[in-house]
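Residue-level structure breakdown
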Amino acid sequence: MWFPVHSFRILSNCWSFGGRRILASSHTCRHYKKEVLPSPEGPVPPVSVTEIRQYLRAQDIPFHDGYSCLHTPSIFVVEKQEVRHSYSLFIDKTTGHFVCTATLIEGNWQDFQASVELKHNGVTLSELLKTDGQKDQASEDAQHIWERALPLWELLDEQETQEVKALFGISNVSHTILKRFGVRYLRTAQALVFPWFSPQGTSLKGLKLLGAERQGKTVRYVENTLPRPGSYYNLFGLPLISRRDAEVVLTGQELDVLALHQATGLPTLALPRGISCLPPTLLPYLEQFKRITLWLGEDLRAWEAAKLFARKLNPKRCSVVQPSDQQLRPLEAFTHGLNLTKILRAALPAGHKSIISFRELREEVFGELANAEQVAGVKWARFPEMNRLLKGHRKGELTVFTGPTGSGKTTFISEYALDLCMQGVNTLWGSFEINNVRLAKVMLTQFAMERLEEQLEDYDEWADRFEDLPLYFMTFHGHQNIKTVIDAMRHAVYMYDISHVVIDNLQFMMGQEQLTMDRLAVQDFTVGTFRKFATENSCHVTLVIHPRKEDEERELQTSSIFGSAKASQEADNVLILQDRKLATGPGKRYMQVSKNRFDGDVGIFPLEFNKISLTFSTPVKGKAKLKKVKDDSSEPPKKALAGSGGASKKQRAQPTSTETSPDRSVKP
């Protein structure tokens, strides 16, 4: 199993990897600002494929349709190329982003239009191609490490070579394959080094370092990239692809590429971020292939990622290797002596029909039964009680979250989402009530688990680590039109493979233009729109909704959610933050799961707020146990009057119910 951990830290003039320092260069790397999603109403308006076609026709630029891009002759190519190779500029049909594979120039749709206008106005191609000639810091550091690394097939000690290959599970991979893919070994970091060359193979653009540490019978892998993961777009193996190749296998790891290519001889590429994301900027380099087989791993998360990526690549040309007990990841299958060619031939078509039979669903149903823990979703590390009730965080669901005003809804939901994001769940935040700077400050404090105002010397280190999280923010603030928000969410799913969207909160989707309409009808439509988005895009949507104005002495119920019953009916999960205020001191907070469509378990568990780290956690007292609660229709327990005795306090702390099943082990 792979356990990628981002542990690259900038320490003055050296890189820290797995506790060991690697000299990089005499320069100090600074930080990059975190990318935020542009507002569709901002300076970069969206463009449709119809508008792109109309513009190309108006400019007399020939083009033809590809799988995910439009192909045109490149306006940046100085020398005339052969006709069959002249269509080297690719325009993404969804975003309008273009890439010239001949010159590696890329930009958005407005950049392309500006370049065409400049060319028509007599600007020479040489002027369009001018650059500042300066090499970025990440490339210089990568070059320095690359020069210090030794070719794995040419280590002085043959015994050392065999030990290194055994540690990474590639003992059966030949020196010829290692040499063909240019794999090196960095002794100071005890890590394999995979190069990122330009598609022509002429220049080094970056590196991926893969370390391995034995922990008993298992091996823990640590991978780091130059540049940072958000700017690392290496399709490992791309320079070895021929223009005549019409079939390719996509894997999630570089070691899988080595095993697959040796066993089958097929063109094989590794995605830069594994199953986490398929950046659209890589799609032009995959346009030439008529058949793409995705073999990303052996678990259900890899299976879900493969189906999602196939939608980007065009399902008609994609096949997916379905994980099972017999279908291991490529390197493991190769090590066990399985026939990899036979496994690839048995891959299932990714294209779907409108009507299917159980025969076509049979293997998927078996997969869900055989992998119950994985089907349950990603587990929370900070909220183990949430795992006992909801079992996990699953794609394609809608969660409704509510709580009294001032109870800490935004603070809790930010840690709730941060917990998942730290485990690789690509997250998009839509904070319409609190600006992004303040939200990011809260999340960074929760991430560091300390008050950074008093530890400013540690800010850069924590900010670097926080920046590497797959976390994005929408730039909206205040009341917004639901169509505008959904367009931004669709863009994020396409560009960044977002699998969790947080909307805080629903009331801001019902702006001033809705004053003349029935607000309940508008809310029902908005909730239905988010429900449809979650299902169609296999993306979990967490929707914060304010409760009705009710008696503060009564606990909130599912019926307390503002609006009609539509929200609770559409939701897969309903979470309620209960805040039992006391006149004699601080109140007690509880999290109540009042609806769970996955397996029906509902209940409550206590929360404890840490004001220093701005985090919620469950008290570690032995007597704090998870309790089941009755249906929402039951009468909530009455609150004791101020100054009541210990018996009343005990009654408040214990819901009238029986305990749930014993705790199950939860992976961090």
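Please refer to the structure placed before this passage.
Okay, so let's go over this structure. The numbering scheme is per chain: residues are counted from 1 as the chain's sequence reads. Residues qualify for local features only when their pLDDT is at least 70, as the model is predicted, and side-chain atom pairs are given and counted only at 80 or more; totals for whole chains, interfaces and linings, by contrast, use all residues. The basis for every side-chain value is the complete set of non-hydrogen atoms in the structure, without hydrogens or water.

A word on the pattern of salt bridges
Threshold: Salt bridge, as applied in this entry: a Lys or Arg side-chain nitrogen positioned within 4 Å of an Asp or Glu carboxyl oxygen. Under the scheme used here, helices are H or I runs from DSSP no shorter than 4 residues and strands are E runs no shorter than 2 residues, and both carry numbers assigned from the N terminus. Relative accessibility thresholds used throughout: buried, under 20% of the residue-type maximum; exposed, over 50%; partly exposed, between the two (1.4 Å probe, protein chains only).
If you walk through the whole model with that rule in mind, you get 27 salt bridges. Across the pair Asp497 and Lys312 runs a salt bridge, and its minimum N-O distance is 3.1 Å. Here the residue Asp497 occupies a position in the loop between α17 (482-496) and β22 (500-504), and Lys312 occupies one in helix α8 (residues 300-313), the gap between them amounting to 185 residues. Both residues of the pair, Asp497 and Lys312, count as buried.

Some thoughts on the pairing of strand β6 (residues 89-92)
Quick reminder of the rule: Should DSSP find at least two bridges between two strands, the strands are regarded as paired.
Because side chains alternate across β6, one face comprises the buried residues Leu89 and Ile91, and the other comprises Phe90 and Asp92, equally buried. Sheet topology places strand β5 (residues 69-72) next to β6; four bridges connect them, and they run antiparallel. What sits directly across from Thr72, in β6, is Leu89. Direction of pairing for β6 relative to strand β7 (residues 98-100): antiparallel, over a ladder of three bridges. Across the sheet, the residue bridging to Leu89 is Cys100, located in β7. Taking the residues that link successive antiparallel strands as the turn, the β6-β7 hairpin has five residues, and the phi of Gly96 there is positive, at about 85 degrees.

Let's talk about helix α1 (residues 49-58)
To keep things clear, this is the line we draw: Directions pointing from the helix axis toward each C-beta atom define the arc. Whether two residues touch is decided by their heavy atoms; if any such pair falls within 4.5 Å, the residues are in contact.
Of the positions making up α1, those classed as buried are Ile52, Tyr55 and Leu56. Angular distribution of buried residues about the axis of α1 spans 100 degrees; they occupy a single face of the element. In α1, the exposed positions angled more than 90 degrees off the buried face are occupied by Gln54, Arg57 and Ala58. Contacts from the buried residues of α1 go to β5, β6 and α2 (109-120). A positive backbone phi angle near 55 degrees is found at Asp60, which sits one or two residues after α1.

Let's talk about the packing of aromatic side chains
Definition in use: Classification of ring pairs uses Phe, Tyr and Trp, with its six-membered ring standing for Trp, and accepts pairs whose centres are within 6.5 Å; under 30 degrees between planes counts as stacked, over 60 as edge-to-face, and the remaining range as tilted. Both a distance and an angle decide whether a charge sits over a ring: NZ of Lys or CZ of Arg must be within 6 Å of the ring centre and within 35 degrees of the ring normal.
Within the structure shown, the criterion is met by 19 aromatic pairs. The interplanar angle of 75 degrees and the centroid separation of 5.4 Å between the aromatic rings of Phe194 and Phe236 together place this pair among those described as edge-to-face. Of the two residues, Phe194 sits in strand β11 (residues 191-197) while Phe236 sits in the loop between β13 (218-226) and β14 (247-251), which places them 42 residues apart along the sequence. By relative accessible area, which is 0% here, Phe194 ends up buried. Ring plane angle 50 degrees and centroid distance 5.1 Å describe the contact between Phe609 and Phe616, whose orientation is recorded as tilted. Classification of Phe609 by relative accessible area gives partly exposed; the value is 32%. Taken together, the ring pairs connect Trp380, Phe383, Phe401, Phe412, Tyr416, Phe609 and Phe616 into an aromatic cluster. Arg184 extends its terminal NZ or CZ atom over the ring of Trp146, reaching a point 3.9 Å from the ring centre. Positioned above the aromatic ring of Phe609, the side-chain terminus of Arg589 is 5.7 Å from the ring centre.

Observations concerning the environment of Leu300
Take Leu300: it is sitting in helix α8. Sequence separation between Leu300 and Pro323 is 23 residues; the distance between their C-alpha atoms is 6.9 Å. The contact partners of Leu300, leaving out residues within four places of it in the chain, are Gly367, Asn371, Gln374 and Val375.

What about the sheet that holds β11?
Picture the strands of a sheet paired through backbone hydrogen bonds; they go either parallel or antiparallel. The line we're drawing: Orientation is described by axes fitted as lines to C-alpha atoms, over the contacting stretch for helices, and by angles from 0 to 180 degrees between their N-to-C directions.
Ordered in space as β9-β10-β11-β12-β13, the five strands form an open sheet in which the pairing is antiparallel. Two strands bound the open sheet, and with one partner strand each, they are β9 (150-151) and β13. In this sheet, β11 lies alongside strand β10 (residues 184-186) in antiparallel orientation, the contact comprising three bridges. Along β11, the bridge assignment pairs Tyr185 with Leu192. Relative to the sheet, helix α4 (residues 137-148) contacts β9, β10, β11, β12 (204-215) and β13, its axis offset from that of β12 by approximately 55 degrees. Across the sheet, helix α5 (residues 158-167) touches β10, β11, β12 and β13, and the angle it forms with β12 is around 85 degrees.

Observations concerning the sheet that holds strand β18 (residues 348-349)
Reading across from one edge, β15-β14-β16-β17-β18 is the order of the five strands in this open sheet, with mixed pairing throughout. The outermost strands of the open sheet, each flanked by one partner alone, are β15 (268-270) and β18. When β14 meets strand β16 (residues 291-295), the two strands line up parallel, connected through five bridges. Directly across from Thr251, in β16, lies its bridge partner Trp295. Helix α7 (residues 254-264) rests against β14, β15 and β16 of the sheet, and its axis sits at about 170 degrees to β15.

Take it as geometry only, folks, not as evidence of what the structure does.
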